[in-house]
Amino acid sequence: MPPAPDIVTPRLLLREPTDADRAVWIRLHRDPRTYAHAPHAMAPTDEAAGEQFDKVVRHWGEHGFGYHVVEQDGSVVGCGGLNVNPATEDHGRELNLYYRLAFEAQGQGLAREAARAWVAWGIEWLPAQPVVAAVSEGNPRSLATARSSGLQESGRRLLPGDPPEFGAAVILTAPSVEVVRGEAFDAPTREAVLDLWCATNDAGGAVGFLPGAPRERVAEALAAHERGMTAGDVTAVLLRSAADRAVVGLGFWQRPTNPLLHHRRTAYRVMTDPGRRGRNLGRLLMGAMHRVARADGAEIGELGVRGGYGTEDFYAALGWRELARLPGGIRVAPGDDRDDISMWRRFD
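A few points on the structure. Only a predicted model underlies this, so the values are computations on that prediction, with no experimental measurement involved.

### A few points about the overall build of the protein chain
Within the protein chain one finds eight helices and 15 strands. For 348 residues, the compact-globule estimate of 2.2 N^0.38 gives 20 Å, and the protein chain sits close to it at 22 Å. Structurally, the protein chain occupies a C-alpha span of about 65 × 40 × 40 Å along its principal axes. For the protein chain, with 348 residues in total, the buried portion stands at 47%. Residue pairs in contact within the protein chain that sit at least 24 positions apart in sequence constitute 62% of those at least 6 positions apart. By element, 51% of the accessible surface of the protein chain is carried by carbon and sulfur atoms, the whole surface being about 16,600 Å². When the 40 basic and 45 acidic side-chain charges of the protein chain are each reduced to a single mean position, those positions are 2 Å apart.

### Description of the side chain of N96
As for its placement among the helices and strands, N96 is situated in strand β5 (residues 94-101). Within polar-contact distance, the side chain of N96 engages the side chain of Y67 at 2.9 Å.

### Notes on the packing of aromatic side chains
Under the defined criterion, the tally for this structure stands at nine aromatic pairs. Ring geometry for Y67 against Y98: centres 5.1 Å apart, planes inclined by 40 degrees, an arrangement best described as tilted. Of this pair, Y67 sits in strand β3 (residues 67-72) while Y98 sits in strand β5, and the two are 31 residues apart along the sequence. In terms of burial, Y67 and Y98 fall into one category: buried.

### A closer look at the environment of R112
Summarising the element assignment, R112 is placed in helix α3 (residues 110-125). On the basis of relative accessible area, R112 is assigned to the partly exposed category, the value being 38%. Separated by 32 residues in the primary sequence, R112 and A144 have C-alpha atoms spaced 8.4 Å apart.

### What to know about the packing of α3 against helix α7 (residues 281-295)
Two numbers describe how α3 lies on α7: the axes approach to 7 Å, and their chain directions differ by 25 degrees. Taken together, the axes of α3 and α7 lie roughly parallel to each other. In the packing of α3 onto α7, the handedness of the crossing is right-handed. Between α3, through R116, A117, V119, A120, I123, E124 and W125, and α7, the contact on the second element is made entirely by R283, L284, G287, A288, H290, R291 and R294. Here the contact of α3 with α7 is composed, by residue class, of seven nonpolar, two polar and five charged.

### Quick look at the nonpolar core
Formed by 65 residues in total, the largest nonpolar core has its most connected members in L14, L97, Y99, W118, V119, W253 and W320. The dominant element in this core, judged by the number of residues it contributes, is α3, at ten residues. Each residue touching L14, except ones within four places of it in the same chain, is listed here: P5, D6, I7, T9, H68, V69, V70, A114, A117 and W118.

### A closer look at the environment of E322
Structurally, the position occupied by E322 is in strand β14 (residues 321-333). The exposure class assigned to E322 is partly exposed, which follows from its relative accessible area of 41%. A C-alpha to C-alpha distance of 27 Å links E322 and A221, two positions 101 residues apart in sequence. The contacts of E322, once residues within four sequence positions are left out, are I341, S342 and M343. Within polar-contact distance, the side chain of E322 engages the side chain of R325 at 3.0 Å.

### Let's talk about the sheet that holds strand β15 (residues 336-346)
Read across the sheet, seven strands follow the order β9-β10-β11-β12-β13-β15-β14 without closing on themselves; strand pairing throughout is mixed. Looking along the sheet, the strands with just one partner apiece sit at the ends: β9 (176-180) and β14. Neighbour-to-neighbour, the strand axes of this sheet turn through a mean angle of 25 degrees, independent of strand direction. Judged from the four bridges that link them, strand β12 (residues 264-272) and strand β13 (residues 300-306) form a sheet pairing that is parallel. Directly across from T266, in β13, lies its bridge partner E302.

### A short note on helix α4 (residues 140-148)
For α4, every residue scored as buried is listed here: S142, L143, T145, A146 and S148. Buried positions along α4 lie against β5, α3, β6 (131-135) and β8 (169-173).

### A closer look at unusual backbone geometry
Although it is not a glycine, D73 adopts a positive phi angle of roughly 55 degrees. Position of D73 relative to the elements: it lies in the loop between β3 and β4 (75-85). Of note in the backbone geometry, R245 takes a positive phi value of approximately 65 degrees without being a glycine. Tracing the backbone through its elements, the reader meets R245 in the loop between β10 (234-240) and β11 (247-254). Taking the relative accessible area as the measure of exposure, R245 reaches 45% and is therefore partly exposed.

### Comments concerning the sheet that holds strand β2 (residues 13-15)
In spatial order, the strands read β1-β2-β3-β4-β5-β6-β8-β7; together these eight strands make up an open sheet with mixed pairing. Only two strands of the sheet have a single neighbouring strand rather than two, namely β1 (7-8) and β7 (152-157). Across two bridges, β1 lies against β2 in antiparallel orientation. When the sheet's bridge partners are listed, I7 is paired in β2 with L14. Along the sheet, helix α2 (residues 46-63) makes contact with β3 and β4, crossing β4 at roughly 55 degrees. Where α4 meets the sheet, it contacts β5, β6, β7 and β8, and its direction lies at approximately 15 degrees from that of β8.

Reading the values: rules and limits
- Residues numbered from 1 in each chain as written.
- Predicted model: local features only at pLDDT ≥ 70, side-chain atom pairs only at ≥ 80, totals over all residues.
- Heavy atoms only, no water.
- Helix = DSSP H or I, 4+ residues; strand = E, 2+ residues; numbered from the N terminus.
- Rg over C-alpha atoms; globule rule 2.2 N^0.38 Å.
- Buried < 20%, exposed > 50% of the residue type's maximum accessible area, 1.4 Å probe, protein only.
- Contact = heavy atoms within 4.5 Å.
- Areas by Shrake-Rupley, 256 points an atom, 1.4 Å probe, with all protein chains shown as cover.
- Lys, Arg positive; Asp, Glu negative; His and termini not counted.
- Charge placed at Lys NZ, Arg CZ, Asp CG, Glu CD.
- Polar contact = N/O pair within 3.5 Å; in protein donor to acceptor, adjacent residues only side chain to side chain.
- Phe/Tyr/Trp six-rings, centres within 6.5 Å; stacked < 30°, edge-to-face > 60°.
- Axes fitted to C-alpha atoms, helices over the stretch in contact; angles between N-to-C directions.
- Parallel < 35°, antiparallel > 145°, perpendicular 65-115°, else oblique.
- Left-handed = near helix turned anticlockwise from the far one by under 90°.
- Nonpolar A, V, L, I, M, F, W, Y, C, P; charged D, E, K, R; others polar.
- Core = buried A, V, L, I, M, F, W, Y, C linked by side-chain atoms within 4.5 Å.
- Pairing = 2+ DSSP bridges.

Note that every value here comes from positions in space, so none of it alone points to a role or purpose.
Rendered as C-alpha coordinates:
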(Lines give C-alpha, C1' and ligand atoms only; values in the text may rest on other atoms or scores of the structure.)
Protein backbone atom coordinates (compact mmCIF):
# COMPACT_ATOMS: atom_id res chain seq x y z
CA MET A 1 0.00 0.00 0.00
CA PRO A 2 1.39 3.46 -0.86
CA PRO A 3 2.17 5.89 1.98
CA ALA A 4 0.13 8.91 3.04
CA PRO A 5 -1.64 10.30 -0.04
CA ASP A 6 -0.36 13.89 -0.07
CA ILE A 7 2.70 14.97 -2.07
CA VAL A 8 4.39 18.32 -1.46
CA THR A 9 6.46 20.12 -4.10
CA PRO A 10 8.14 23.54 -3.85
CA ARG A 11 4.97 25.37 -4.88
CA LEU A 12 2.18 22.83 -4.71
CA LEU A 13 0.23 20.50 -2.48
CA LEU A 14 -1.05 17.43 -4.33
CA ARG A 15 -3.76 15.97 -2.12
CA GLU A 16 -6.53 13.41 -2.08
CA PRO A 17 -9.84 14.92 -3.24
CA THR A 18 -12.77 15.28 -0.88
CA ASP A 19 -16.49 15.82 -1.46
CA ALA A 20 -15.86 19.56 -1.09
CA ASP A 21 -13.84 19.45 -4.34
CA ARG A 22 -16.73 18.29 -6.52
CA ALA A 23 -17.69 21.76 -7.74
CA VAL A 24 -14.16 22.77 -8.68
CA TRP A 25 -13.61 19.42 -10.42
CA ILE A 26 -16.71 20.05 -12.52
CA ARG A 27 -15.53 23.57 -13.41
CA LEU A 28 -12.12 22.25 -14.48
CA HIS A 29 -13.67 19.65 -16.76
CA ARG A 30 -16.32 21.95 -18.24
CA ASP A 31 -14.05 24.81 -19.30
CA PRO A 32 -13.59 24.68 -23.09
CA ARG A 33 -10.46 26.82 -22.83
CA THR A 34 -8.58 23.83 -21.38
CA TYR A 35 -9.80 21.47 -24.12
CA ALA A 36 -8.62 23.41 -27.16
CA HIS A 37 -6.58 20.43 -28.42
CA ALA A 38 -9.33 17.85 -27.84
CA PRO A 39 -12.79 19.48 -27.64
CA HIS A 40 -14.51 16.10 -27.87
CA ALA A 41 -12.91 15.02 -24.56
CA MET A 42 -14.62 17.70 -22.45
CA ALA A 43 -17.43 16.44 -20.23
CA PRO A 44 -20.64 17.26 -22.13
CA THR A 45 -22.61 18.18 -18.99
CA ASP A 46 -22.04 19.03 -15.34
CA GLU A 47 -23.61 15.68 -14.49
CA ALA A 48 -21.07 13.82 -16.64
CA ALA A 49 -18.21 15.71 -14.99
CA GLY A 50 -19.66 14.80 -11.61
CA GLU A 51 -19.72 11.13 -12.59
CA GLN A 52 -16.02 11.39 -13.49
CA PHE A 53 -15.37 12.79 -10.02
CA ASP A 54 -17.26 9.89 -8.45
CA LYS A 55 -15.00 7.45 -10.32
CA VAL A 56 -11.93 9.27 -8.99
CA VAL A 57 -13.19 8.95 -5.42
CA ARG A 58 -13.97 5.26 -5.89
CA HIS A 59 -10.48 4.68 -7.29
CA TRP A 60 -9.00 6.08 -4.08
CA GLY A 61 -11.16 3.74 -2.05
CA GLU A 62 -10.16 0.71 -4.10
CA HIS A 63 -6.44 1.38 -4.60
CA GLY A 64 -5.33 3.80 -1.89
CA PHE A 65 -4.12 6.35 -4.47
CA GLY A 66 -5.43 8.14 -7.55
CA TYR A 67 -5.85 11.55 -9.11
CA HIS A 68 -5.03 14.43 -6.79
CA VAL A 69 -6.38 17.91 -6.43
CA VAL A 70 -3.59 20.45 -7.04
CA GLU A 71 -3.41 23.34 -4.58
CA GLN A 72 -1.26 26.46 -4.71
CA ASP A 73 -1.32 28.76 -1.69
CA GLY A 74 -4.53 27.14 -0.47
CA SER A 75 -6.42 27.49 -3.76
CA VAL A 76 -7.26 24.62 -6.11
CA VAL A 77 -5.56 25.25 -9.45
CA GLY A 78 -5.89 21.86 -11.11
CA CYS A 79 -5.98 18.10 -10.80
CA GLY A 80 -4.08 15.07 -11.97
CA GLY A 81 -1.87 12.22 -10.89
CA LEU A 82 -1.71 8.48 -11.48
CA ASN A 83 -4.69 6.25 -12.09
CA VAL A 84 -4.87 2.56 -12.92
CA ASN A 85 -5.79 1.87 -16.54
CA PRO A 86 -7.66 -1.44 -16.87
CA ALA A 87 -5.79 -4.16 -18.72
CA THR A 88 -6.74 -4.71 -22.34
CA GLU A 89 -5.89 -7.31 -24.92
CA ASP A 90 -3.37 -4.98 -26.52
CA HIS A 91 -1.38 -3.67 -23.56
CA GLY A 92 -0.83 -4.60 -19.95
CA ARG A 93 -2.01 -2.93 -16.79
CA GLU A 94 -0.48 0.52 -16.50
CA LEU A 95 -0.66 3.77 -14.58
CA ASN A 96 -2.05 6.70 -16.54
CA LEU A 97 -0.37 10.06 -15.92
CA TYR A 98 -2.94 12.86 -16.17
CA TYR A 99 -2.71 16.60 -15.57
CA ARG A 100 -5.20 19.42 -16.09
CA LEU A 101 -4.71 22.95 -14.80
CA ALA A 102 -7.21 25.77 -14.59
CA PHE A 103 -6.82 28.12 -17.52
CA GLU A 104 -5.69 30.95 -15.22
CA ALA A 105 -2.91 28.77 -13.72
CA GLN A 106 -1.33 27.75 -17.01
CA GLY A 107 2.01 29.05 -18.23
CA GLN A 108 3.74 28.93 -14.82
CA GLY A 109 5.31 25.46 -15.06
CA LEU A 110 2.94 24.05 -12.46
CA ALA A 111 1.93 21.03 -14.56
CA ARG A 112 5.61 20.20 -15.07
CA GLU A 113 6.29 20.48 -11.34
CA ALA A 114 3.37 18.24 -10.43
CA ALA A 115 3.95 15.68 -13.18
CA ARG A 116 7.61 15.22 -12.26
CA ALA A 117 6.60 14.51 -8.67
CA TRP A 118 3.84 12.08 -9.69
CA VAL A 119 6.10 10.00 -11.92
CA ALA A 120 8.84 9.74 -9.29
CA TRP A 121 6.24 8.80 -6.67
CA GLY A 122 4.87 6.09 -8.94
CA ILE A 123 8.29 4.57 -9.58
CA GLU A 124 9.02 4.49 -5.86
CA TRP A 125 5.70 3.18 -4.58
CA LEU A 126 3.96 1.43 -7.50
CA PRO A 127 6.75 -0.42 -9.30
CA ALA A 128 4.72 -3.23 -10.84
CA GLN A 129 2.92 -0.98 -13.34
CA PRO A 130 4.56 1.31 -15.92
CA VAL A 131 3.71 5.01 -15.86
CA VAL A 132 2.25 6.03 -19.23
CA ALA A 133 0.86 9.25 -20.68
CA ALA A 134 -1.29 9.52 -23.80
CA VAL A 135 -1.01 12.94 -25.43
CA SER A 136 -2.35 14.42 -28.64
CA GLU A 137 0.39 15.12 -31.16
CA GLY A 138 -1.18 18.53 -31.64
CA ASN A 139 -0.62 19.49 -28.00
CA PRO A 140 3.10 20.41 -27.83
CA ARG A 141 2.91 21.89 -24.32
CA SER A 142 1.46 18.69 -22.90
CA LEU A 143 4.05 16.62 -24.77
CA ALA A 144 6.81 18.79 -23.31
CA THR A 145 5.41 18.26 -19.81
CA ALA A 146 5.41 14.48 -20.20
CA ARG A 147 8.94 14.45 -21.61
CA SER A 148 10.29 16.70 -18.87
CA SER A 149 8.85 14.25 -16.35
CA GLY A 150 11.09 11.47 -17.67
CA LEU A 151 8.70 9.84 -20.13
CA GLN A 152 9.81 8.92 -23.63
CA GLU A 153 7.78 8.20 -26.76
CA SER A 154 7.08 4.48 -27.01
CA GLY A 155 4.30 4.19 -29.58
CA ARG A 156 0.90 5.39 -30.77
CA ARG A 157 -2.58 4.34 -29.72
CA LEU A 158 -6.13 5.33 -30.67
CA LEU A 159 -7.76 6.06 -27.35
CA PRO A 160 -11.29 4.98 -26.35
CA GLY A 161 -13.67 7.84 -27.03
CA ASP A 162 -11.43 9.57 -29.57
CA PRO A 163 -12.93 9.82 -33.06
CA PRO A 164 -10.84 8.08 -35.74
CA GLU A 165 -10.24 11.38 -37.52
CA PHE A 166 -8.57 12.72 -34.36
CA GLY A 167 -5.74 10.26 -34.89
CA ALA A 168 -3.75 8.07 -32.56
CA ALA A 169 -2.35 9.61 -29.41
CA VAL A 170 1.38 9.69 -28.69
CA ILE A 171 2.16 7.18 -25.94
CA LEU A 172 5.02 8.15 -23.63
CA THR A 173 6.36 5.74 -21.01
CA ALA A 174 8.57 6.22 -17.96
CA PRO A 175 11.86 4.33 -17.70
CA SER A 176 11.74 0.82 -16.29
CA VAL A 177 13.72 -0.23 -13.23
CA GLU A 178 16.12 -3.16 -13.33
CA VAL A 179 17.67 -4.59 -10.17
CA VAL A 180 20.81 -6.78 -10.35
CA ARG A 181 22.04 -8.64 -7.29
CA GLY A 182 23.77 -11.95 -6.67
CA GLU A 183 25.55 -11.83 -10.02
CA ALA A 184 27.59 -9.56 -12.27
CA PHE A 185 26.16 -7.66 -15.22
CA ASP A 186 25.82 -9.46 -18.52
CA ALA A 187 28.26 -8.28 -21.19
CA PRO A 188 25.94 -5.83 -23.03
CA THR A 189 24.78 -4.25 -19.77
CA ARG A 190 28.37 -3.93 -18.54
CA GLU A 191 29.33 -2.03 -21.70
CA ALA A 192 26.27 0.20 -21.38
CA VAL A 193 27.12 0.93 -17.74
CA LEU A 194 30.71 1.78 -18.70
CA ASP A 195 29.44 4.08 -21.45
CA LEU A 196 27.19 5.89 -18.96
CA TRP A 197 29.91 6.10 -16.30
CA CYS A 198 32.51 7.49 -18.71
CA ALA A 199 30.03 10.00 -20.13
CA THR A 200 29.17 11.14 -16.61
CA ASN A 201 32.87 11.50 -15.76
CA ASP A 202 33.54 13.54 -18.89
CA ALA A 203 30.55 15.79 -18.13
CA GLY A 204 32.06 16.62 -14.73
CA GLY A 205 29.87 14.32 -12.65
CA ALA A 206 31.15 13.45 -9.17
CA VAL A 207 31.26 9.66 -9.59
CA GLY A 208 34.78 8.83 -8.52
CA PHE A 209 36.90 10.15 -11.40
CA LEU A 210 37.76 13.37 -13.16
CA PRO A 211 36.91 14.16 -16.79
CA GLY A 212 39.00 12.18 -19.24
CA ALA A 213 39.57 9.21 -16.94
CA PRO A 214 40.64 6.16 -19.00
CA ARG A 215 37.89 3.64 -19.61
CA GLU A 216 40.17 0.93 -18.21
CA ARG A 217 40.29 2.62 -14.80
CA VAL A 218 36.52 2.97 -14.76
CA ALA A 219 36.22 -0.70 -15.72
CA GLU A 220 38.40 -1.62 -12.73
CA ALA A 221 36.10 0.30 -10.38
CA LEU A 222 33.07 -1.34 -11.95
CA ALA A 223 34.64 -4.78 -11.50
CA ALA A 224 34.98 -4.08 -7.77
CA HIS A 225 31.25 -3.31 -7.57
CA GLU A 226 30.48 -6.47 -9.52
CA ARG A 227 32.49 -8.56 -7.08
CA GLY A 228 30.32 -7.13 -4.31
CA MET A 229 27.20 -7.91 -6.37
CA THR A 230 28.29 -11.52 -6.78
CA ALA A 231 28.99 -11.77 -3.04
CA GLY A 232 25.52 -10.43 -2.25
CA ASP A 233 26.64 -7.23 -0.53
CA VAL A 234 26.03 -4.83 -3.45
CA THR A 235 22.82 -4.22 -5.37
CA ALA A 236 22.76 -2.35 -8.69
CA VAL A 237 19.71 -0.28 -9.62
CA LEU A 238 19.35 0.71 -13.26
CA LEU A 239 16.93 2.87 -15.19
CA ARG A 240 16.30 1.73 -18.75
CA SER A 241 14.72 3.86 -21.45
CA ALA A 242 11.26 2.71 -22.47
CA ALA A 243 12.06 3.37 -26.13
CA ASP A 244 15.31 1.49 -26.67
CA ARG A 245 16.25 -0.11 -23.30
CA ALA A 246 19.32 2.13 -23.04
CA VAL A 247 20.78 2.45 -19.53
CA VAL A 248 19.95 6.05 -18.56
CA GLY A 249 20.51 5.83 -14.81
CA LEU A 250 22.56 3.80 -12.35
CA GLY A 251 23.26 3.58 -8.64
CA PHE A 252 24.67 0.99 -6.27
CA TRP A 253 23.57 0.12 -2.76
CA GLN A 254 26.23 -1.46 -0.54
CA ARG A 255 25.33 -3.37 2.60
CA PRO A 256 27.96 -3.25 5.38
CA THR A 257 29.68 -6.57 6.06
CA ASN A 258 29.19 -6.14 9.82
CA PRO A 259 25.87 -7.86 10.75
CA LEU A 260 25.25 -5.13 13.32
CA LEU A 261 24.89 -2.68 10.43
CA HIS A 262 22.75 -4.73 8.05
CA HIS A 263 19.82 -2.33 8.47
CA ARG A 264 21.92 0.32 6.71
CA ARG A 265 22.82 0.88 3.05
CA THR A 266 25.34 3.23 1.43
CA ALA A 267 24.70 4.65 -2.03
CA TYR A 268 27.57 4.83 -4.53
CA ARG A 269 28.04 6.05 -8.11
CA VAL A 270 24.59 7.61 -8.49
CA MET A 271 24.46 8.87 -12.08
CA THR A 272 22.10 9.63 -14.96
CA ASP A 273 22.70 10.18 -18.67
CA PRO A 274 24.21 13.69 -18.99
CA GLY A 275 22.75 13.90 -22.50
CA ARG A 276 19.23 13.74 -21.02
CA ARG A 277 19.53 16.34 -18.30
CA GLY A 278 16.34 18.14 -17.37
CA ARG A 279 14.29 14.97 -17.89
CA ASN A 280 13.71 14.18 -14.18
CA LEU A 281 15.95 11.10 -14.36
CA GLY A 282 17.80 11.88 -11.11
CA ARG A 283 14.57 11.99 -9.19
CA LEU A 284 13.27 8.84 -10.86
CA LEU A 285 16.51 6.98 -10.11
CA MET A 286 16.41 7.96 -6.45
CA GLY A 287 12.76 6.92 -6.22
CA ALA A 288 13.79 3.52 -7.58
CA MET A 289 16.73 3.29 -5.18
CA HIS A 290 14.58 4.20 -2.18
CA ARG A 291 12.10 1.51 -3.14
CA VAL A 292 14.78 -1.16 -3.61
CA ALA A 293 16.44 -0.35 -0.29
CA ARG A 294 13.11 -0.43 1.51
CA ALA A 295 12.17 -3.75 -0.11
CA ASP A 296 15.51 -5.19 1.02
CA GLY A 297 14.68 -4.31 4.62
CA ALA A 298 17.02 -1.32 4.88
CA GLU A 299 16.00 1.35 7.37
CA ILE A 300 18.79 3.92 7.02
CA GLY A 301 20.56 5.19 3.92
CA GLU A 302 23.89 7.01 3.67
CA LEU A 303 25.65 8.76 0.82
CA GLY A 304 28.52 11.13 0.19
CA VAL A 305 28.26 14.31 -1.85
CA ARG A 306 31.02 16.44 -3.38
CA GLY A 307 30.39 20.10 -2.64
CA GLY A 308 30.28 22.81 -5.26
CA TYR A 309 27.56 21.34 -7.47
CA GLY A 310 24.44 21.97 -5.39
CA THR A 311 23.82 18.22 -5.31
CA GLU A 312 23.10 18.34 -1.60
CA ASP A 313 20.05 20.51 -2.32
CA PHE A 314 18.76 17.89 -4.75
CA TYR A 315 19.03 15.16 -2.13
CA ALA A 316 17.58 17.38 0.60
CA ALA A 317 14.45 17.81 -1.51
CA LEU A 318 14.11 14.01 -1.48
CA GLY A 319 14.24 13.70 2.29
CA TRP A 320 17.99 13.38 2.83
CA ARG A 321 19.63 15.37 5.63
CA GLU A 322 23.16 16.56 6.07
CA LEU A 323 25.02 14.59 8.73
CA ALA A 324 28.51 16.07 8.50
CA ARG A 325 30.64 18.30 6.30
CA LEU A 326 34.42 18.36 6.01
CA PRO A 327 35.34 21.71 4.42
CA GLY A 328 37.85 21.24 1.61
CA GLY A 329 37.95 17.50 2.17
CA ILE A 330 38.02 16.66 -1.58
CA ARG A 331 40.86 18.03 -3.72
CA VAL A 332 39.66 17.99 -7.31
CA ALA A 333 42.75 19.85 -8.53
CA PRO A 334 45.42 22.14 -7.06
CA GLY A 335 43.57 25.14 -5.69
CA ASP A 336 40.16 23.48 -6.17
CA ASP A 337 39.09 21.93 -2.88
CA ARG A 338 35.48 20.88 -2.35
CA ASP A 339 33.54 20.04 0.79
CA ASP A 340 33.06 16.36 1.58
CA ILE A 341 29.41 16.11 2.66
CA SER A 342 27.78 13.11 4.35
CA MET A 343 24.00 12.77 4.15
CA TRP A 344 21.46 10.29 5.51
CA ARG A 345 17.75 9.48 5.56
CA ARG A 346 15.39 6.84 6.88
CA PHE A 347 13.37 4.55 4.61
CA ASP A 348 10.92 3.22 7.19
